[in-house]
Amino acid sequence: MGSRFEQLADAVLAGVPAGPGDALAVLGADDAEVLSVVAAAGRLRRAHFDNTVKVNYLVNLKSGLCPENCNYCSQALGSAAPILKYSWLSTEEALKQAGAGISGGAGRVCLVSSGRGPSNRDIDRVTEMVGALKAEHPDVEVCACLGLLSDGQAERLKDAGVDAYNHNINTAESHHHNIVQTHTYADRVDTVEKAKRGGLSPCSGLIAGLGETDEQLVEALFALKELDADSIPVNFLMPFDGTPLADTWELSPSRCLKILAMARFVCPDKEIRIAGGREMHLRSLQPLALHVANSIFLGDYLTSEGQAAEADLEMIRDNGFVVLGSEEDSAAREPADPAIRRRGAGTAVVPNA
Ligand code: SF4
């Protein structure tokens, strides 16, 4: 008989959904069981997404100076994090930035702006950008992430060619008031529902490591399942200095794997994206996480740098995955000769230790 996680995978594959108790068991797994958790969740990943990885690219259209007070966010008005701050990029600049991601292999471009929500003038700007982007790259998917939507805005974005709308619930309803006070959990859910009604593919996820309990992480995941989000970005808190959650370090690499696996068991056929904090928190376990999640951001995040885009693509190739929509031979790589040792024993140069 297989492990309890293999049995859970068998049940999910047979059409029996994972319940909150199953999700808690995944989060509570001993570190010695983590490979068994990954192997079992990986079966669900392969069943729905085979060996493909969706590659997404973020363009921060407007950075910082947001009037909202999300405690985790380096762009909030009260944040003293020394991030880039700028107003709207021109259409030309947005296209240039998006083009870099597309040429790096991204199949989806995420156009993001800081702020509570877009004005109708902001929607005009974004629809102009999307029209120009789609004219140049008709096959690329565009996701907009502009904050809380007003009536009619989702429909305007859809008409302009936007495919998806991202608005994360971020955390459990029962924890939301501890994280942000300038808008409510219900406001966030309302925007996801507006996006859906407007014909946009709903993208909504969470941030782990905000001081939530296991039960609250499970609560958030089941809320996303209920919302029927097509794609679920799982962020791991990056505690920026200058924000209220600076010095909040609750995550380990194996904890992050278990969170991603929990998401896969609960939402087996949804796009689970390893989002912000991937490099910081998964560290050398990033490749294992690809066996559970089927989507990543390429390169940099909104206000922080990610690992080099080429390292992302190499990780995908080295682990036998292929970029969704790419024709590239997954084994292709420039050979590199062994580096001859010229330090340490037998030399006057300090050793590599
Ligand atoms: S609304 Fe968005 S940009 Fe503004 S503080 Fe919250 S997460 Fe940051």
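Residues numbered from 1 in each chain as written. Predicted model: local features only at pLDDT ≥ 70, side-chain atom pairs only at ≥ 80, totals over all residues.

**Digging into the overall build of the chain**
Working step 1: From N to C terminus, the chain includes 13 helices and 10 strands.
Working step 2: In summary, the chain has a C-alpha radius of gyration of 21 Å against a globular reference of 20 Å for 353 residues, a match within 12%.
Working step 3: For the chain, the spread of C-alpha atoms along the principal axes amounts to about 65 × 50 × 40 Å.
Working step 4: Across the 353 residues that make up the chain, the buried fraction comes to 46%.
Working step 5: Across the chain, the fraction of contacts at a sequence separation of at least 24, relative to all contacts at a separation of at least 6, is 77%. (Helix = DSSP H or I, 4+ residues; strand = E, 2+ residues; numbered from the N terminus. Rg over C-alpha atoms; globule rule 2.2 N^0.38 Å. Buried ≥ 20, exposed ≤ 12 C-beta atoms within 10 Å, placed from the backbone. Contact = placed C-beta atoms within 7 Å.)

**A few points about the packing of helix α2 (residues 20-27) against helix α10 (residues 253-266)**
Working step 1: As a packed pair, α2 and α10 sit with axes 8 Å apart at the nearest point and diverge in direction by 160°. Taken together, α2 and α10 sit at an angle that is classed as roughly antiparallel. In the crossing of α2 with α10, the sense of the turn from one axis to the other is right-handed. Along the contact surface, α2 presents Asp22, Ala23, Val26 and Leu27, while α10 presents Lys258, Ile259, Ala261, Met262, Phe265 and Val266. (Axes fitted to C-alpha atoms, helices over the stretch in contact; angles between N-to-C directions. Parallel < 35°, antiparallel > 145°, perpendicular 65-115°, else oblique. Left-handed = near helix turned anticlockwise from the far one by under 90°.)

**Some points on the pairing of strand β7 (residues 231-236)**
Residues in a regular strand point their side chains to alternate faces of the sheet.
Working step 1: Burial runs high along β7: 6 of the 6 residues are buried.
Working step 2: Neither face of β7 is exposed, since Ser231, Pro233 and Asn235 on one face and Ile232, Val234 and Phe236 on the opposite face are all buried.
Working step 3: Inspection of the sheet shows strand β6 (residues 206-208) paired to β7 by 3 bridges, in the parallel sense. Note on β7: the bridge partner recorded for leucine 206 is valine 234. (Pairing = 2+ DSSP bridges.)

**Regarding the pairing of strand β8 (residues 271-274)**
Working step 1: In β8, alternate side chains face the same way, and those of Glu271 and Arg273 on one face and Ile272 and Ile274 on the other are all buried.
Working step 2: In this view, the connection linking β7 to its parallel neighbour β8 by way of α10 has right-handed handedness.
Working step 3: Bridge analysis of β8 against strand β9 (residues 295-297) gives 2 bridges, and the strand direction is parallel. Looking across to β9, one finds that isoleucine 274 is bridged to isoleucine 296. (Right-handed = clockwise from strand over helix to strand, strands pointing away.)

**Digging into the site of the ligand**
Working step 1: The full set of residues close to the ligand is Cys66, Glu68, Cys70, Cys73, Gln75, Ala76, Ser114, Arg116 and Gly147.
Working step 2: Its residues assigned to classes, the shell around the ligand shows 4 nonpolar, 3 polar and 2 charged. (Near = placed C-beta within 6 Å. Nonpolar A, V, L, I, M, F, W, Y, C, P; charged D, E, K, R; others polar.)

**Some remarks on the UniProt feature "binding site: [4Fe-4S] cluster" (unreviewed entry) in the chain**
Working step 1: According to UniProt, the "binding site: [4Fe-4S] cluster" (unreviewed entry) feature falls on Cys66, Cys70 and Cys73.
Working step 2: Along the polypeptide, cysteine 66 turns up in the loop between β1 (52-62) and α4 (91-103).
Working step 3: With residues near it in sequence (within four places) discarded, cysteine 66 still touches Gln75, Ala76, Leu77, Ser114 and Gly115.
Working step 4: Relative to the helices and strands, cysteine 70 is located in the loop between β1 and α4.
Working step 5: The buried category is assigned to cysteine 70, around which 23 C-beta atoms lie within 10 Å.
Working step 6: Discounting residues that sit within four places of it in the chain, cysteine 70 has contacts with Ala76, Ile179 and Val180. (UniProt positions renumbered as here; feature names shortened; annotations may be inferred.)

**Regarding α10**
Working step 1: If you check α10, its first and last C-alpha atoms are 20 Å apart, about what 14 residues at 1.5 Å a residue would give, namely 20 Å.
Working step 2: Summarising burial for α10: 12 of the 14 residues are buried, a large majority. (Expected span 1.5 Å × (residues − 1).)

**Comments concerning the UniProt feature "binding site: [2Fe-2S] cluster" (unreviewed entry) in the chain**
Working step 1: Cross-referencing UniProt, the feature "binding site: [2Fe-2S] cluster" (unreviewed entry) maps to Cys110, Cys143, Cys203 and Arg273 in the present numbering. These annotated residues cover 164 residues of sequence, and their C-alpha atoms all fall within 13.8 Å of one another, placing them together at a single site.
Working step 2: Within the secondary structure layout, cysteine 203 lies in strand β5 (residues 201-203).
Working step 3: Using a count of 26 C-beta atoms within 10 Å as the deciding quantity, one classes cysteine 203 as buried.
Working step 4: Beyond its immediate sequence surroundings of up to four residues, cysteine 203 is in contact with Cys143, Ala164, Tyr165, Asn166, Ala229, Asp230, Ser231 and Pro233.
Working step 5: Note on placement: arginine 273 falls in strand β8.
Working step 6: Other than its neighbours up to four places away in sequence, arginine 273 contacts Asn56, Ser231, Ile232, Pro233, Val234, Ala293, Ser295 and Ile296.

**Side note on α2**
Working step 1: Regarding α2, the residues found buried are Asp22, Ala23, Val26 and Leu27. Mapping the buried residues of α2 onto a view down its axis gives an arc of 140°, with all of them on the same face.
Working step 2: In this fold, the buried residues of α2 make contact with α1 (4-13), α3 (34-49), α9 (214-227) and α10. (Arc of directions from axis to C-beta.)

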